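Residue strings, one per chain:
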Amino acid sequence: MKKTLALVLSLVLLLTAATAMAATEIDYWSVFTGGDGAVMQGMVDAFNASQDEVHVNHTPMTADDLYQKIPLTVQTGTGIPDVCVVHIERIPNFVNQELLYSYDLDLVAEAGIKQENYNQAAWVKSTIDGEQYGIPLDVHGYITYINKDLFDQYGLNEILADGYITFDEVKWAGDKAKEQGFTGKTFDLGWMRAQMLGYYAQLADGHKLTDDGVAPALDREAMKKAMETMKELYEQGYTTTKTDDYSSMFYGGELLIWSEGIWMKAAAVDAGVNFEMYPAVCFDPATCKEWMSSHNFVQFADEERTEEEDLAVAKFVNFMGENSLVWAKDAGQVPAHVSLNEVAEFASMPQAFLADPAREDELAIYYYLHWGLFDTAFSRIGWDFVDGTIEIDAAIDQVLQEVADAIAAQ
């Protein structure tokens, strides 16, 4: 009897080992290293546990590290991940450098991946010359939080009736609250690049960063108006200062309206703030837009990757889309897979309005070959233009010249 039992156990172990050996191994790199990294690892674990055909090995690293490491990895042909998450703005440059393979849409369709299953604002931004280079996991961006308790206390809710907050309404709310004894600030100087590119997109046709696809170019009048609007709010005392801890001010009831990323939802919840989310503050609700990005699954060039591995990647990516409720719930993101729009739990989340297909035109996802160079140059300006440290025209000139110089130096 003992010998029989031992034989059975041995067979079970052998079968288990054989099954594990039969699984296609997939190496996956991501840019998720904080709290979202733990959420992502949980999603990977759920996929691995859901079937025995594919096993995914997840390696998280900072975005800077990944973007520095990938070109050399592809060049040497050693250790190239089978699938990777990158920010959508990086895709045009990766394609230009011939670092990416496009997806075989017939192959990925076998795993359930089809264009109609995804947020179109994100999907089409990674379509280049008719080839699909990215499959979106989410859209995420800079929106508006309001402190609902303060809005109730000072009678400010009427400006929320249409679901938008304009710059004129920011002033109205600040004045009304101040008249009743509020001593905090109305609005914040947050992450300048994300905040200002949202406002710029509302004014610039196509929110352009280039005319010819290569050289930097801004709609100067649109950028000037966006900057002048923030400078005016600062000078009139509605905003925080450049050095204020505006997040702590919002958590502590010292800030009425907080311009921030949707990924800060969990922090606001943890701080115990009674908040609501709205689109970015706008000049006109009819042209409202907010700066958005998207985490995309991509496949870097690897001549050794097999069709079997490509199909395994597709199965993994499809699972991540169809099972991304946790990505919304615990990471504060907006899943790009449209099936989540039918999930009641997601529909009740404050960021869910960003997933509404009817509002896709509001999502300003930037597309520029030299996004990385522009990001660096524009971010360097910071909020210096609000207090006159640099004049607005000079700030715009500096950005354009720095990007042009960086392109020429490549």
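The rules behind the values
- Residues numbered from 1 in each chain as written.
- Predicted model: local features only at pLDDT ≥ 70, side-chain atom pairs only at ≥ 80, totals over all residues.
- Heavy atoms only, no water.
- Phe/Tyr/Trp six-rings, centres within 6.5 Å; stacked < 30°, edge-to-face > 60°.
- Helix = DSSP H or I, 4+ residues; strand = E, 2+ residues; numbered from the N terminus.
- Buried < 20%, exposed > 50% of the residue type's maximum accessible area, 1.4 Å probe, protein only.
- Contact = heavy atoms within 4.5 Å.

**Q** Help me out: how do you make sense of the packing of aromatic side chains in this one?
**A** The geometry of an aromatic ring pair is captured by the separation of the ring centres together with the interplanar angle, meaning the angle of the planes. Under the criterion given, the structure shown has 25 aromatic pairs. Ring centres of Phe47 and Phe319 lie 5.3 Å apart, and the angle between their planes is 65°; on these two criteria the pair is classed as edge-to-face. With Phe47 in helix H2 (residues 35-50) and Phe319 in helix H13 (residues 307-322), this pair connects stretches of sequence that are 272 residues apart. The pair formed by Phe47 and Phe319 is uniform in burial state, with each residue classed as buried. Through a chain of ring-to-ring contacts, three or more aromatic side chains come together here, namely Tyr28, Phe47, Phe297, Phe316 and Phe319.

**Q** When you look at the environment of Trp371 in this model, what are you seeing that I'm missing?
**A** For Trp371, the position within the fold is in helix H16 (residues 371-381). By relative accessible area, Trp371 is classed as buried at 3%. Sequence spacing of Trp371 and Asn93 is 278 residues, and the spatial spacing of their C-alpha atoms is 7.9 Å. Beyond its immediate sequence surroundings of up to four residues, Trp371 is in contact with Glu89, Arg193, Leu197, Leu209, Trp291 and Tyr366.

**Q** Any chance you could explain the environment of Asp175 here in plain terms?
**A** Topologically, Asp175 is positioned in helix H8 (residues 167-179). According to the relative accessible area criterion, Asp175 is partly exposed, its value standing at 34%. As a C-alpha pair, Asp175 and Ala38 span 137 residues in sequence and 43 Å in three-dimensional space.

Purely geometric stuff here, so don't read any function into it on its own.
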